[in-house]
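Here's the letter readout for the chains.
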Amino acid sequence: MQGHSLLNSTRLLYDLQQIHDIARGFSGNLAPDAIARQVTDALVNRFECVFARIWLMQPNRGALRLVASSGLYTHINGAFAEVPVGAFKVGKIAQNRVPFLSNRLSEESWVKDRQWAIDNQIQGFAGYPLATGDRTLGVLAMFSRRPFAPEFLEVLQVLCMTLTVAIDAAQAAEQTAQRMPTGAASLSDQIAARLQSTNLILIGTERPVGAAIAYSLLQSAERLNTIDCNYCRLTYTPANVSLDALVPAAPSSAPSPAPSPHHSAMSTDFWHRGHHASRLPENASPENLSQFAALKQLVTYLGGTLRSQPVMEGQAHQILIDLPANAVTGPSVGIQCRSPALTYGFTRLAYQSGLAISVDLDTASVLITDNPALQICPQAVIWIDHSAAPVPEAIAATLSLEATPDQLYDLVMALSQGQPTSDSTAESRLSNRERQVMQLLAQGLRDRNIAQQLFISESTVKFHINNSLSKLNAKNRYQGVYQAAIRGLI
């Protein structure tokens, strides 16, 4: 390992952009081995490593199976085709779930063939577990002739978080497909069969949904059954399919209060069943709701939401799982941000809005991004304004991180139809930092004082002022302050 050093922020940002591009490549793929191979190929091509490999956990949880190998070795049937959990470094990473980086591979005591590392001039090794909740899905490993930077584990962490969710969803889809042969029972029948503690209520017209969506709902039903679910409702709407459930809270010695007249119909149904807090089983404590944490990643990856909240004065918990039912009612959008987290966040928002997601940016009617280096698509661009960076001039509209699905839908619809939007006015395109600078400028502060107060350089202050003047169509600072004031910006 190299000695401790300060993080190279420039290199880190560049590597994270590479990771983002890799993640875009397997987004939407539901074949685990194919996802793994895409990742190892991309790591070899983009990070110049000698070879990269991914092992996935066997169903018996006792060994790892090599599913992808790129670079120096492309075969997956050699000596390390199967690695027992706890054996060698890869097996130990799977067992302990601790990332590892070394830049002196030939000197490591765990290396099976040190001469091999010397002959191939391999110095760097980086291994990272693919884990979610209390489950290990696999291990990613990279070998390099150059030393890895200390911050490279930070880069792998971002990749492996996204990769884990993708593989988990892909494996879920495979398992569901195996359980649902042609002529299989409907989703509501399968959920009802898993719920032994209550009867399922079906609302809306049932229709086919994606395999991964069906799997997530079936897994939810199995978990609900283990904590004595007292109410469960499956609802189909044109855009979504949702599972709404009530489970009892922890036992209490206090007498059960009478139901409030303000309770919802669902709560009233719960009370009519005669379930009182004093009769709740020990295994129904709210802590058991933590087992839904692993499902939340899958639900989020599929563009849905999973929420849990106490109801009826804390005597029960409501669990609501809401997923898109593959219904698209709006135009297509392309989403490409500098971080995978932001990309997935706005992808989920677009799903919730009923918008189509286009992988090919050239065919998207609207592009949503925070990356100024992107080629602008032919129609319109929505800029995600979440930092002090200036908004590019060719932007049609801006959107904040607090945007709602309805706001996004209305904005995309207006732009795709060529209609003007209030979001594309000059004042909405002023970044938060530009507003801060203009506010201080209006108070009579000089550039030096503004820089000191905002902890930025004087040249950066001048840049923000000039950018603001351009957006406000002001010829000088006095006009800029005046325009910002009358528009309610300061």
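In this numbering scheme, every chain counts its residues from 1 along its sequence in written order. Per-residue local features are limited, in this predicted model, to residues with pLDDT of at least 70; the limit for side-chain atom pairs, both in listing and counting, is 80 or more; totals at the level of whole chains, interfaces and linings are taken over all residues. The basis for every side-chain value is the complete set of non-hydrogen atoms in the structure, without hydrogens or water.

S.K.: Could you clarify how one ought to interpret the pattern of salt bridges in this entry?
M.R.: Side-chain pairs of opposite charge can arise whenever the charged atoms involved come near each other. When a carboxyl oxygen of Asp or Glu is within 4 Å of a side-chain nitrogen of Lys or Arg, the pair counts as a salt bridge. If you walk through the whole model with that rule in mind, you get 8 salt bridges. In this structure, Glu-222 and Arg-194 form a salt bridge, with 3.0 Å as the shortest nitrogen-oxygen distance. With Glu-222 in helix H7 (residues 211-226) and Arg-194 in helix H6 (residues 187-194), this pair connects stretches of sequence that are 28 residues apart. When accessible area is computed with a 1.4 Å probe and restricted to protein chains, residues below 20% of their type maximum are described as buried, those above 50% as exposed, and intermediate ones as partly exposed. You can call Glu-222 partly exposed: its relative accessible area is 29%. In this structure, Asp-447 and Lys-462 form a salt bridge, with 3.3 Å as the shortest nitrogen-oxygen distance. With Asp-447 in helix H14 (residues 447-454) and Lys-462 in helix H15 (residues 458-471), this pair connects stretches of sequence that are 15 residues apart. Think of it this way: any DSSP run of H or I at least four residues long counts as a helix, any run of E at least two long counts as a strand, and we number them from the N terminus.

S.K.: Is there a simple way to explain the nonpolar core in this structure?
M.R.: Nonpolar side chains in soluble globular proteins tend to end up buried together. Throughout, nonpolar core names a set of buried Ala, Val, Leu, Ile, Met, Phe, Trp, Tyr and Cys residues whose side chains join them through atoms within 4.5 Å. In terms of nonpolar packing, the biggest core is built from 36 residues, with Phe-26, Leu-43, Leu-140 and Met-142 touching the most fellow members. Elements supplying a minimum of two residues to this core: helix H1 (9-26), helix H2 (32-47), strand E1 (51-57), strand E2 (63-71), strand E5 (124-132), strand E6 (135-144) and helix H5 (152-179). A per-element tally of this core places H5 first, with 9 residues. The criterion used for residue contact is that any of the two residues' heavy atoms lie within 4.5 Å. Discounting residues that sit within four places of it in the chain, Leu-43 has contacts with Ile-22, Glu-48, Cys-49, Ala-52, Leu-140, Met-142 and Leu-159. Counting residues in each nonpolar core, the second largest holds 26 residues, with Ile-191, Leu-195, Phe-292 and Ile-321 among its members.

S.K.: Is there a simple way to explain the pairing of E6 in this structure?
M.R.: For a regular strand, side-chain orientation follows a simple rule: the groups alternate between the two sheet faces. Most of E6 sits inside the fold, with 9 of its 10 residues counted as buried. Note that E1 and E6 share 6 bridges and pair antiparallel. Bridge pairing in E6 links Ala-52 to Met-142. Two strands pair under a simple rule: DSSP has to find at least two bridges between them. Connecting E5 to the next strand, E6, in antiparallel fashion are 2 residues, including Gly-133 with a positive phi near 60°.

S.K.: What is the right way to read the packing of helix H13 (residues 432-442) against helix H16 (residues 477-486) from this model?
M.R.: The description of two packed helices rests on the angle between their axes and on the distance between the axes. With their axes 10 Å apart at the nearest point, H13 and H16 run at an angle of 110° to one another. Regarding the angle of H13 to H16, the classification is roughly perpendicular. Counted together, Met-438, Leu-441 and Ala-442 of H13 and Arg-477, Gly-480, Val-481 and Ala-484 of H16 form the full contact between these two elements. Side-chain classes are defined by residue name, with Ala, Val, Leu, Ile, Met, Phe, Trp, Tyr, Cys and Pro counting as nonpolar, Asp, Glu, Lys and Arg as charged, and the others, Gly among them, as polar. For the contact of H13 with H16, the class distribution of residues is 5 nonpolar, 1 polar and 1 charged. Only C-alpha atoms enter the line fits that serve as axes; for helices the fit covers just the stretch in contact. Angles between N-to-C directions range over 0 to 180 degrees. Between 65 and 115 degrees an angle is taken as roughly perpendicular, under 35 as roughly parallel, over 145 as roughly antiparallel, and anywhere else as oblique.

S.K.: Whenever I open this one, the sheet that holds strand E7 (residues 200-203) confuses me. Can you help?
M.R.: In a beta sheet, neighbouring strands are held together by backbone hydrogen bonds and run either parallel or antiparallel to one another. Spatially, the 5 strands line up as an open sheet ordered E7-E8-E9-E11-E10, and their pairing is mixed. Two strands close off the open sheet at either side, each with one partner strand: E7 and strand E10 (305-311). Each strand of the sheet is rotated relative to its neighbour by a mean of 15°, with strand direction disregarded.

S.K.: Hey, could you run me through H2 in this one?
M.R.: Since the α-helix advances by 3.6 residues per turn, residues separated by three or four positions end up pointing in the same direction. Its 16 residues give H2 an end-to-end C-alpha distance of 22 Å, which sits within 8% of 22 Å, the value for a rise of 1.5 Å per residue. Looking one or two residues past H2, Glu-48 carries a phi angle of roughly 55°, positive in sign. A helix's residues, less one, multiplied by 1.5 Å, set its expected span.

S.K.: In this structure, what is going on with the side chain of Arg-53? I would like to understand it.
M.R.: Within the secondary structure, Arg-53 sits in strand E1. Within this scheme the basic residues Lys and Arg register as positive and the acidic residues Asp and Glu register as negative, but His and the chain ends are omitted. Buried charge Arg-53 goes without a salt bridge, the closest partner of opposite sign being Asp-41 at 11 Å. Look past the residues within four positions of Arg-53 in its chain and what remains in contact with it is Thr-40, Leu-66, Ala-68, Ser-69, Tyr-73, His-75, Phe-80, Val-139, Leu-140 and Ala-141.

S.K.: Quick question: what am I supposed to make of the packing of aromatic side chains here?
M.R.: Aromatic ring pairs are described here by two measures, namely the spacing of the ring centres and the angle between the planes. Two aromatic rings from Phe, Tyr or Trp, using only the six-membered ring of Trp, form a pair when their centres are within 6.5 Å; if the ring planes differ by under 30 degrees the pair is stacked, by over 60 it is edge-to-face, and anything between is tilted. Enumeration according to the criterion identifies 12 aromatic pairs in this entry. Measuring from centroid to centroid gives 5.1 Å for Phe-51 and Tyr-73, while their planes differ by 85°, and the two rings are edge-to-face. Linking Phe-51 in strand E1 with Tyr-73 in the loop between E2 and strand E3 (82-84), this pair joins segments that are 22 residues apart in sequence. Ring-pair connections join several aromatic residues into one group, and the members of that group are Phe-51, Tyr-73, Phe-100, Trp-110, Trp-116, Phe-125 and Phe-143. Lys-89 extends its terminal NZ or CZ atom over the ring of Phe-100, reaching a point 4.2 Å from the ring centre. Geometrically, a lysine NZ or arginine CZ counts as sitting over a ring once it is within 6 Å of the ring centre and also within 35 degrees of the ring normal.

S.K.: Help me out: how do you make sense of the sheet that holds E5 in this one?
M.R.: Within the open sheet, the 6 strands sit side by side as E3-E2-E1-E6-E5-E4. Their pairing is antiparallel. Sheet topology places E3 and strand E4 (100-102) at the edges, where each strand pairs with a single neighbour. With direction set aside, neighbouring strand axes in the sheet form an average angle of 20°. Both E5 and E6 contribute to a ladder of 9 bridges, which runs antiparallel. Bridging from a neighbouring strand, Leu-130 pairs with Gly-138 of E6. In the packing of H2 onto the sheet, contacts are made with E1, E2 and E6, and the angle to E2 comes to roughly 45°. In the packing of helix H3 (residues 88-96) onto the sheet, the strands contacted are E1, E2, E3, E4, E5 and E6, and the crossing angle to E5 comes to about 30°.

S.K.: I tried to follow the packing of H13 against H14 on my own but got confused; where do I start?
M.R.: Relative orientation of the contacting elements H13 and H14 amounts to 130°, with a least axis distance of 10 Å. Relative to H14, the element H13 is oriented oblique. The chirality of how H13 crosses H14 is right-handed. Along its contact with H13, which presents Arg-433, Gln-436, Val-437, Leu-440 and Leu-441, the element H14 presents Ile-450, Gln-453 and Leu-454. Residues of the contact of H13 with H14, tallied by class, amount to 5 nonpolar, 2 polar and 1 charged. Each crossing gets its hand from how the near helix is turned against the far one by less than a right angle, where anticlockwise is left-handed and clockwise is right-handed.

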